[in-house]
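# Tertiary structure, described
Single-letter residue listing:
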Amino acid sequence: VNNDFRRGHMSGRFTVKGGPRARFSLATDLFARDQGVPGLDCCLSPRARFTTTRLLLRPELEVPGLAGGRLLAKVAADYTRYREEFDDPRGLISLSGKNVDDITLTESFGAEAGLVVAASARQAVSILASRRQETADLEDRALPGPSGRGTASRRTITVTLEDQISFGSDRLVINPSLRHESYDSAFRPGPAGGLVVDLPADRRTTGKVGFRLRATDALTIKGNFGRFLRLPDFIELFGNRGSVLGNPALRPESGRSLDLGVAFAARRPSGGLIRQAHIEATLFETVAEDLIQFVPNSQNTVVARNIDRARIRGVELSLAVLLGPRFTGSLNATHQRPVDTSGRYTDGKILPVRPQDEVSAGAALDLGPGRVFYDFTYVGRNFVDQPNTPSAALPARYLHDLGYRARLRRGLLATFEIKNLADEKTYDLARFPLPGRSVHGRLSWDF
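Residues numbered from 1 in each chain as written. Predicted model: local features only at pLDDT ≥ 70, side-chain atom pairs only at ≥ 80, totals over all residues. Heavy atoms only, no water.

Of the pairings in the sheet, the one linking strand β11 (residues 202-214) to strand β12 (residues 219-230) comprises seven bridges and is antiparallel in character. Paired with R212 across the strands is K222, a residue of β12. Where β11 hands over to β12, the hairpin turn is made up of four residues, counted between the paired strands. With twelve bridges joining them, β12 and strand β14 (residues 253-267) adopt antiparallel strand pairing. Within β14, the position partnered with N224 by the bridge is D259. (Pairing = 2+ DSSP bridges. Helix = DSSP H or I, 4+ residues; strand = E, 2+ residues; numbered from the N terminus.)

Pasting the structure below:
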């Protein structure tokens, strides 16, 4: 009930080449969506709605081949306007019994400039500097008096320095980098009041180093190690999507990450059953402080919160094959153990809304003028609360999709697809109900 949606999306890019070197491009992306919000568990609403609109613009100028071909320069800017509104006329989802009409309008403007210098035949150094200004206007039009709840702003300056060094005819590549980020935030309460926000200023320097080693023509070993910082975006801070709420008290997320992988690739252009094969295995670990995580706030909502300390370890396996001239297949499997290590009463518990096992697989066969394709998705059982209550855990989900894609004429592509073929009644990781069997038809025209 009340799970319909309408969506429109348009994107485009315009590029002008100036002489043999310079290139100017302008990219734009427009998106709008209107959907019902059914609610969670007991708190269902036949009338709550959520609407989203987004506009992105990005002009970019790139000039390669300067200084005798040893320098590439790039400047760019971007503008984003994002608006979301949640309207619950009866207050059924929030359990307030009152009309809720929350609006969050965020705007972001950024500018960046970068240089890539070929220091030698085996070394390239790059530097990128950027500045971003973000604002968020918060409003509740259901209030009897003034509707403005406040305005938040954040200014971020980032400088990144990166080096790429090759050894032994590119058999070994090492890629160290440093990133310095400073941010300053402010909040101005609105006439409606009711919201107090503390957005501190800070600066951090992080770094990472990566490598890639081609042990043989078919075998590659690669890895990365470094520290990271992630600021909560304004939607995580102030958003209201009915069942999913932001949290103005969020702190930045930081930590260290490590991954080590082995990849094997083989190719036989002609003859044999297996024409191409790519196999990769990756071990990874992330240790995060103030991890931003959505957790249940009540029976009917989930809210973004910081978890003091968490550790996520796991392994990821992927496989892609081409069998004969007509059949392709892929498999991706991840097993992870995301654990709360905060030292509190939830210490050692599995993080909520993070399944330990996920598998996706696909197969496609050229048939007649088109291609038949099949996709399988498995999401393991996952907890939805920090204490790991067994009775509240979501069971494993198995989803099957089947479709056919054909090119009707030059530039015209038709796709017919059945999603959730077995009509499984299931939920996403935050307990939001997902559609049963659905039939999709699509026409696309490239010109």
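So, next bit.
Here the focus is the packing of aromatic side chains. One pass over the structure, following the stated rule, counts three aromatic pairs. Seen from their ring centres, F187 and F238 are 6.4 Å apart, and the 20° between their planes marks the pair as stacked. Of this pair, F187 sits in strand β10 (residues 172-189) while F238 sits in helix α2 (residues 234-238), and the two are 51 residues apart along the sequence. With relative accessibility at 7%, the residue F238 sits in the buried group. Geometrically, the ring pair formed by Y378 and Y398 is tilted, given 5.0 Å between the ring centres and 50° between the ring planes. Highlighted residues: Y378 in strand β19 (residues 370-379) and Y398 in strand β20 (residues 397-409), separated in sequence by 20 residues. We classify Y398 as partly exposed; its relative accessible area is 43%. Three or more aromatic residues joined by ring pairs make a cluster, and in this case those are F187, F234 and F238. For the cation-ring pair, R33 lies above F5, with the distance from its terminal atom to the ring centre recorded as 4.2 Å. (Phe/Tyr/Trp six-rings, centres within 6.5 Å; stacked < 30°, edge-to-face > 60°. Buried < 20%, exposed > 50% of the residue type's maximum accessible area, 1.4 Å probe, protein only. Lys NZ or Arg CZ within 6 Å of the ring centre and 35° of its normal.)

Taken as a whole and judged by the stated rule, the model has 30 salt bridges. Members of the salt-bridge network, linked through shared partners, are R58, E60, D78, E112 and R132. (Salt bridge = Lys/Arg side-chain N within 4 Å of Asp/Glu carboxyl O.)

Turning our eyes to something else, we now look at the layout of surface pockets. Roughly 980 Å³ of volume is contained in the largest pocket. Lining the largest pocket we find 37 residues, and of these R33, Q35, D428, F432 and L434 sit closest to its centre. Going through the elements one at a time, β1 (5-18), β2 (22-36), β5 (49-65), α2, β13 (244-245), β20 and β22 (438-445) are the ones with two or more residues in the lining of the largest pocket. The element best represented in the lining of the largest pocket is β2, accounting for three residues. Within the lining of the largest pocket, the residues separate by chemical class into 15 nonpolar, 13 polar and nine charged. (1 Å grid on protein atoms, 1.4 Å probe; cavity = no way out; pocket = protein on both sides within 12 Å on 5 of 7 lines; lining within 4 Å. Points joined across faces, edges and corners; volume = space filled by probe spheres on them. Nonpolar A, V, L, I, M, F, W, Y, C, P; charged D, E, K, R; others polar.)

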